Amino acid sequence: MTSPSASSRKVLSKIATNRLQKELMEWQVNPPAGFKHKVTDNLQRWVIEVNGAPGTLYANETFQLQVDFPEHYPMEAPQVIFVPPAPLHPHIYSNGHICLDILYDSWSPAMTVSSVCISILSMLSSSTSKQRPTDDERYVKNCRNGRSPKETRWWFHDDKV
């Protein structure tokens, strides 16, 4: 996707490695409802299957999230994107980038992959329409050179969807 290759990413710190191993063990024992971690040998990149919640616009639909962890996780937020095709949603761009404050400005080291997934499912579940953000075409065009969503200055102004 748009993130750096495994060889160009920085190695996880010991704190990040320990935290991710702990989160992964907790996930295996008690995964959040509607999510499935696709097992790989790469602790720094998780692929997570998302099932739309029953009774919502996304019921019976399945999507994939790609979660890339930075060297200093959890002090720094992971990069979380939908692997295209991304769901049609007013806060999800066609390239998979997600406009959700907890992934950027409102990140806290107390958050976990599970809590992020639950927030994303909540965002999907509360949507009343399936549509792209109004600036999707312009935004995606500006991201063509592999720009990370973490390099975007997001404007969080709409908490109704």
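Quick note: structure is the one above.
A brief report on the enclosed structure follows. Every chain begins its residue count from 1, and numbering advances along the sequence as written. Given that the model is predicted, a residue must reach a pLDDT of at least 70 before its local features are reported, and side-chain atom pairs must reach 80 or more before they are shown or counted; all residues, however, enter totals for whole chains, interfaces and linings. Processing note: side-chain calculations cover all non-hydrogen atoms of the structure and skip hydrogens and water entirely.

## Considering the overall build of the chain
Inclusion rule: Helix numbering and strand numbering both begin at the N terminus, where a helix is a DSSP run of H or I of at least 4 residues and a strand a DSSP run of E of at least 2. Per-residue accessibility, obtained with a 1.4 Å probe over protein chains only, is compared with the maximum for each type, and a residue is labelled buried under 20%, exposed over 50%, and partly exposed between these values. We call two residues contacting when some pair of their heavy atoms lies within 4.5 Å. To be clear on the numbers: accessible area is Shrake-Rupley with a 1.4 Å probe, and residue cover counts the displayed protein chains and nothing else.
The number of helices and strands found in the chain is three helices and four strands. Each helix and strand of the chain, placed in order from N terminus to C terminus, yields the pattern α-β-β-β-β-α-α. When the 161 residues of the chain are sorted by exposure, 45% land in the buried category. Taking all contacts inside the chain whose residues are at least 6 apart in sequence as the whole, residues at least 24 apart take part in 62%. Here the chain displays about 8900 Å² of accessible surface, and carbon together with sulfur accounts for 53% of that area.

## Points about helix H1 (residues 14-29)
The condition that has to hold: By definition here, a helix of n residues has an expected span of 1.5 Å times n minus one. Each direction from the helix axis to a C-beta atom contributes to the arc, which is the arc of those directions.
Helix length check: H1 (16 residues) gives 23 Å between terminal C-alpha atoms against 22 Å at 1.5 Å per residue, within 8%. For H1, the full list of buried residues reads Ala 16, Arg 19, Leu 20, Glu 23, Leu 24 and Trp 27. Take H1 and look down its axis: the buried residues cluster within an arc of 135 degrees, on one side only. Facing away from the buried side of H1 by more than 90 degrees, the exposed set consists of Lys 14, Ile 15, Lys 22, Met 25, Gln 28 and Val 29. Taken together, the buried residues of H1 touch strand E1 (35-38), strand E2 (45-51) and helix H2 (113-125).

## A word on the pattern of salt bridges
Convention followed: Salt-bridge detection follows one rule: a side-chain nitrogen of Lys or Arg within 4 Å of a carboxyl oxygen of Asp or Glu.
The final tally for this structure, using the stated rule, is four salt bridges. With a closest N to O distance of 2.6 Å, Asp 68 and Arg 45 form a salt bridge. With Asp 68 in strand E3 (residues 62-68) and Arg 45 in strand E2, the pair connects residues that are 23 residues apart, well separated along the chain. For Asp 68, a relative accessible area of 6% corresponds to the buried category.

## A few points about the side chain of Asn 95
Following the sequence through the fold, Asn 95 ends up in the loop between strand E4 (79-83) and H2. Overall, Asn 95 belongs to the buried group, its relative accessible area being 10%.

## A short note on the pairing of E2
Cut-off, in case you're wondering: In this scheme, strands are said to pair when DSSP sees at least two bridges between them.
In this structure, E1 lies alongside E2, joined through four bridges in antiparallel fashion. Within the sheet, the bridge partner assigned to Phe 35 lies in E2 and is Val 50. In textbook terms, the turn of a hairpin is the stretch between consecutive antiparallel strands, and for E1 and E2 this stretch comprises six residues. In the sheet, E2 pairs with E3 via seven bridges, with the strands oriented antiparallel. Bridging from a neighbouring strand, Asn 51 pairs with Thr 62 of E3.

## Considering the sheet that holds E3
As a reminder of what qualifies: Axis lines are fitted to C-alpha atoms, over the contacting stretch for helices. Their N-to-C directions set the angle, which ranges from 0 to 180 degrees.
Here four strands make up an open sheet; going across it, the order is E1-E2-E3-E4 and the pairing antiparallel. With partners counted over all chains shown, the strands left at the sheet margins are E1 and E4, one partner each. The average undirected angle you get between the axes of adjacent strands in this sheet is 30 degrees. As judged from the five bridges shared by E3 and E4, these two strands associate in the antiparallel manner. Bridge pairing in E4 places Gln 66 opposite Ile 81. Packing of H1 onto the sheet brings it into contact with E1 and E2, and relative to E2 it is tilted by some 30 degrees. Relative to the sheet, H2 contacts E1, E2, E3 and E4, its axis offset from that of E2 by approximately 35 degrees.

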